[in-house]
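Descriptive analysis of the structure
Now for the letters of each chain:
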Amino acid sequence: MHSTVLRPSSAFDVTPGVGERSVLLYDSLCGFCDRLVGFLLRRDRRQIFHFAPLDGVFASDLLNRHPHLRALDSIVLIENSGLEDEVVWVRSGAVKRITRQLGGMWRIADLLLSIIPEWLRDSGYDIFARNRYRWFGRYDACRIPDSSARDRFLD
């Protein structure tokens, strides 16, 4: 599975207010993924990122639109979620887009990642993904967001 752009054949209804915001699908039991969500909550001043677990209802709807993603165990970023111009990024492509959307100094990471060929970025991502539980742990239950961030979680 490449980290390239995937587009649906048609639009679907989404939760009101999501609109053109980005939705990050993440492994809700992964220690690293949990830390990444916390990191984004702290640094996303424009509140463009919303979050949904890979095993949730929102992700299930996405997989129905993009069946080739069903076996994916990766970070997934959906831009323009539910709109006709919806774009889905996976693996290192998702990481690259996240750094771009964060802006500021994080754009440097986007530029550096652009230098590395996609096949090499994805190979490194795959190694990381296979070892993430060993390196960062695995939770028994998903994050329960505090009241200030609850509206950014879709499931």
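Above: the structure in question.
Computed from a predicted structure; not experimentally measured. (Residues numbered from 1 in each chain as written. Predicted model: local features only at pLDDT ≥ 70, side-chain atom pairs only at ≥ 80, totals over all residues. Heavy atoms only, no water.)

1. Concerning a nonpolar patch on the surface
A contiguous nonpolar patch, built from M105, I108, L112, I115, I116, W119 and L120 and spanning about 790 Å² of accessible area, is present on the exposed surface. At the level of elements, α4 (106-115) and α5 (118-136) are the ones that each hand at least two residues to the nonpolar patch. The element that contributes the greatest number of residues to the nonpolar patch is α4, accounting for 3 residues. With respect to the helices and strands, W119 occurs in helix α5. (Patch = residues over 30% accessible without salt bridge, like charges linked within 9 Å, V, L, I, M, F, W, Y side chains within 5 Å. Areas by Shrake-Rupley, 256 points an atom, 1.4 Å probe, with all protein chains shown as cover. Salt bridge = Lys/Arg side-chain N within 4 Å of Asp/Glu carboxyl O. Helix = DSSP H or I, 4+ residues; strand = E, 2+ residues; numbered from the N terminus.)

2. Some remarks on the packing of helix α3 (residues 91-102) against α4
Close contact between α3 and α4 brings their axes to 7 Å; oriented N to C, the two are set at 145 degrees. Crossing of α3 against α4: the hand is left-handed. Contacts from V95, K96, T99, R100 and L102 in α3 reach W106, R107, A109, D110, L113 and S114 in α4. Class assignment for the residues of the contact of α3 with α4 results in 5 nonpolar, 2 polar and 4 charged. (Axes fitted to C-alpha atoms, helices over the stretch in contact; angles between N-to-C directions. Left-handed = near helix turned anticlockwise from the far one by under 90°. Contact = heavy atoms within 4.5 Å. Nonpolar A, V, L, I, M, F, W, Y, C, P; charged D, E, K, R; others polar.)

3. A short note on the pairing of strand β2 (residues 49-53)
Counting buried residues in β2 gives 5 out of 5 residues, a clear majority hidden from the surface. With helix α1 (residues 31-43) bridging strand β1 (residues 22-26) and the parallel β2, this β-α-β connection has right-handed handedness. (Buried < 20%, exposed > 50% of the residue type's maximum accessible area, 1.4 Å probe, protein only. Right-handed = clockwise from strand over helix to strand, strands pointing away.)

4. Focus on the nonpolar core
If you look at the biggest cluster of nonpolar residues, it comprises 23 residues, and the most contacted ones within it are L24, L40, F49, F51 and I98. Only β1, α1, β2, β4 (87-90), α3 and α5 provide two or more residues apiece to this core. Broken down by element, the residue count for this core peaks at 6 residues, all from α1. Those residues in contact with F49, other than ones at most four positions away along the chain, are S22, L40, D44, L77, I98, Q101, L102 and R152. Listed in part, the 13 residues of the second largest apolar core include V23, A52, V76 and I78. (Core = buried A, V, L, I, M, F, W, Y, C linked by side-chain atoms within 4.5 Å.)

5. Considering the sheet that holds strand β3 (residues 76-79)
The 4 strands are arranged β2-β1-β3-β4 in an open sheet whose pairing can be described as mixed. If you trace the sheet from one side to the other, it starts and ends with β2 and β4, each paired once. Neighbouring strand axes in the sheet, compared pairwise and without regard to direction, differ in orientation by 20 degrees on average. Bridge count for β1 against β2 is 5 bridges, and the pairing is parallel. By the bridge assignment, Y26 is partnered in β2 with P53. (Pairing = 2+ DSSP bridges.)

6. So, helix α2 (residues 57-65)
Those residues of α2 lying buried are F58, A59, L62 and R65. An end-on view of α2 places all buried positions within 115 degrees of arc, on one side of the element. Packing partners of the buried residues in α2 comprise β1, β2, β3 and β4. (Arc of directions from axis to C-beta.)

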